[in-house]
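Tertiary structure, described
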Amino acid sequence: NIDTIKIDKTFVDRITNTPQEMLLTGDIISLCHKLDLTVVAEGVENEIQAAYLLEHECDKFQGYLFSKPLQFKEAMYILRDLMVKDA
């Protein structure tokens with residue numbers, strides 16, 4: 001069974017290009033939610049893309065806006081540091 005859909009970076013890149021492309025990405029998110037699927041957007045690289053995805057209620061983001069790809073151990077150190085700051 002499928003419970004998560006990942007929106008390819010090519011769709012995310014188009015968010016900043018034309019309104020027509022933005023409508024398509026928003027429609028993909030909406031359709032996935034109607035099917036009770038979690039939506040992950042990959043390749044989020046700027047605030048405009050993040051704002052659009054937040055506005056359209058995308059569930060999760062991946063991309064250089066947040067972090068470069070990390071090895072497991074390095075990611076765990078960052079997550080640990082974030083948890084310590086929140087405590």
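Heads up: the structure comes first, above all this text.
Residues numbered from 1 in each chain as written. Predicted model: local features only at pLDDT ≥ 70, side-chain atom pairs only at ≥ 80, totals over all residues. Heavy atoms only, no water.

**Quick look at a nonpolar patch on the surface**
On the surface, Phe72, Met76, Ile78, Leu79 and Leu82 cluster together into a nonpolar patch covering about 500 Å² of accessible area. Along the chain, Met76 falls in helix α4 (residues 72-86). (Patch = residues over 30% accessible without salt bridge, like charges linked within 9 Å, V, L, I, M, F, W, Y side chains within 5 Å. Areas by Shrake-Rupley, 256 points an atom, 1.4 Å probe, with all protein chains shown as cover. Salt bridge = Lys/Arg side-chain N within 4 Å of Asp/Glu carboxyl O. Helix = DSSP H or I, 4+ residues; strand = E, 2+ residues; numbered from the N terminus.)

**With respect to the pairing of strand β2 (residues 38-41)**
In terms of strand pairing, strand β1 (residues 4-7) meets β2 through four bridges, oriented parallel. The residue bridging Lys6 from the neighbouring strand is Val40, located in β2. Judged from the two bridges that link them, β2 and strand β3 (residues 60-61) form a sheet pairing that is parallel. Considered in β3, the bridge of Ala41 is made with Phe61. Handedness of the crossover is the feature at issue here: the chain leaves β2, passes through helix α3 (residues 47-55), returns alongside β3, and the resulting connection is right-handed. (Pairing = 2+ DSSP bridges. Right-handed = clockwise from strand over helix to strand, strands pointing away.)

**With respect to the sheet that holds β1**
The sheet built from three strands is open, its strands ordered β1-β2-β3 with parallel pairing. Across the chains shown, the open sheet's two edge strands, defined by having one partner strand only, are β1 and β3.

**Things to note about the nonpolar core**
In terms of nonpolar packing, the biggest core is built from 13 residues, with Val12, Ile29, Val39, Ala41, Val44, Leu53 and Cys58 touching the most fellow members. The element contributing the most residues to this core is α3, with three residues. Sequence-distant contacts of Val44, defined by excluding residues within four places in its chain, comprise Val12, Gln49, Ala50, Leu53, Phe61, Gln62, Gly63, Tyr64, Leu65 and Phe66. (Core = buried A, V, L, I, M, F, W, Y, C linked by side-chain atoms within 4.5 Å. Buried < 20%, exposed > 50% of the residue type's maximum accessible area, 1.4 Å probe, protein only. Contact = heavy atoms within 4.5 Å.)

**With respect to the pattern of salt bridges**
Proximity of charged atoms lets side chains of opposite charge pair with each other. This model, assessed by the stated rule, comprises five salt bridges. Of the charged contacts, one joins Lys9 and Asp13 as a salt bridge, the two residues approaching to 2.8 Å between their closest N and O atoms. Of the two residues, Lys9 and Asp13 are both situated in helix α1 (residues 9-13); the distance of four residues between them amounts to about one turn of the helix. Classification of Lys9 by relative accessible area gives partly exposed; the value is 28%. Across the pair Lys68 and Glu74 runs a salt bridge, and its minimum N-O distance is 3.6 Å.

**As for the environment of Asp59**
Examined against the element boundaries, Asp59 turns out to sit in the loop between α3 and β3. On the basis of relative accessible area, Asp59 is assigned to the partly exposed category, the value being 39%. Distance in space between the C-alpha atoms of Asp59 and Ala41 is 8.1 Å, their sequence separation being 18 residues. Those residues within four positions of Asp59 in sequence are excluded, and the remaining contacts are His33, Leu37, Thr38 and Val39. At 2.9 Å, the side chain of Asp59 and the side chain of His33 are in polar contact. (Polar contact = N/O pair within 3.5 Å; in protein donor to acceptor, adjacent residues only side chain to side chain.)

Don't take any of this as a statement about function, it's just geometry.
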